[in-house]
Amino acid sequence: MKSKVSFGLVALSVLVLVDSGRAAGQTISQEAPVLVEALAKQLVARKRTKVAAVDFTDIQGRPNELGRFLADQLSIDMVMAEGLTVIDRANLNAIMAEHKLTAEGLVDPANAKKLGQFSGVEAILVGNLTTMDGAVMLTVRAISTDTSELVAAGRMRVA
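Computed from a predicted model, the values in this text were never measured in an experiment.

Definitions and cut-offs
- Residues numbered from 1 in each chain as written.
- Predicted model: local features only at pLDDT ≥ 70, side-chain atom pairs only at ≥ 80, totals over all residues.
- Heavy atoms only, no water.
- Helix = DSSP H or I, 4+ residues; strand = E, 2+ residues; numbered from the N terminus.
- Pairing = 2+ DSSP bridges.
- Buried < 20%, exposed > 50% of the residue type's maximum accessible area, 1.4 Å probe, protein only.
- Arc of directions from axis to C-beta.

1. Regarding the environment of Gln 30
Thought 1: Mapping Gln 30 onto the fold places it in helix α2 (residues 28-45).
Thought 2: Each C-alpha atom, one on Gln 30 and one on Val 158, is 9.3 Å from the other, the two residues being 128 residues apart in sequence.

Here's what the structure looks like:
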């Protein structure tokens, strides 16, 4: 019970921090397109154009509401990026569950390769959220499903 309360308080704190960023002029809707553009350029340049995002996590690797929301929003924005094909997150999550794969396990080259074979995804977007200096920091990495190399990376900060 204590962990649910702690999780709720952390999630609420993060949402308040993100919401307060609007007054400062740095909003998710302003920062996300810059992040998406940078990721899309890197992915297209490395010929990893079929992508999917898994749930973003806190720094300890635990999924949370804000991480799921941001992964979903990033997926939507990536659809509009030129040169990319985005695999639906719900379908990807179903494939991962069926084959007993986890987001944390995708850094293992064998698991990343399996997911790529089952889903047709060439790169998986993983991300971490953390609060620092009164802001929320999201870091996103694209992992190649055939080599497990990082093929793209970016970050955004919202006050």
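2. So, the pairing of strand β1 (residues 50-53)
Thought 1: Relative to strand β3 (residues 85-86), β1 runs parallel, the two sharing two bridges. In the strand pairing of β3, Val 51 is matched with Val 86.
Thought 2: Examined bridge by bridge, β1 and strand β4 (residues 123-132) share three bridges and lie parallel to one another. In the strand pairing of β4, Ala 53 is matched with Leu 125.

3. A word on helix α4 (residues 89-98)
Helical geometry note: an α-helix holds 3.6 residues per turn, so side chains three or four residues apart project in the same direction.
Thought 1: Among the residues making up α4, those that are buried are Arg 89, Leu 92, Ile 95 and Met 96. Down the axis of α4, the smallest arc covering the buried residues is 120 degrees, so these residues share one side. Set apart from the buried face of α4 by more than 90 degrees, the exposed residues are Ala 90, Ala 97 and Glu 98.
Thought 2: Looking one or two residues past α4, Lys 100 carries a phi angle of roughly 55 degrees, positive in sign.

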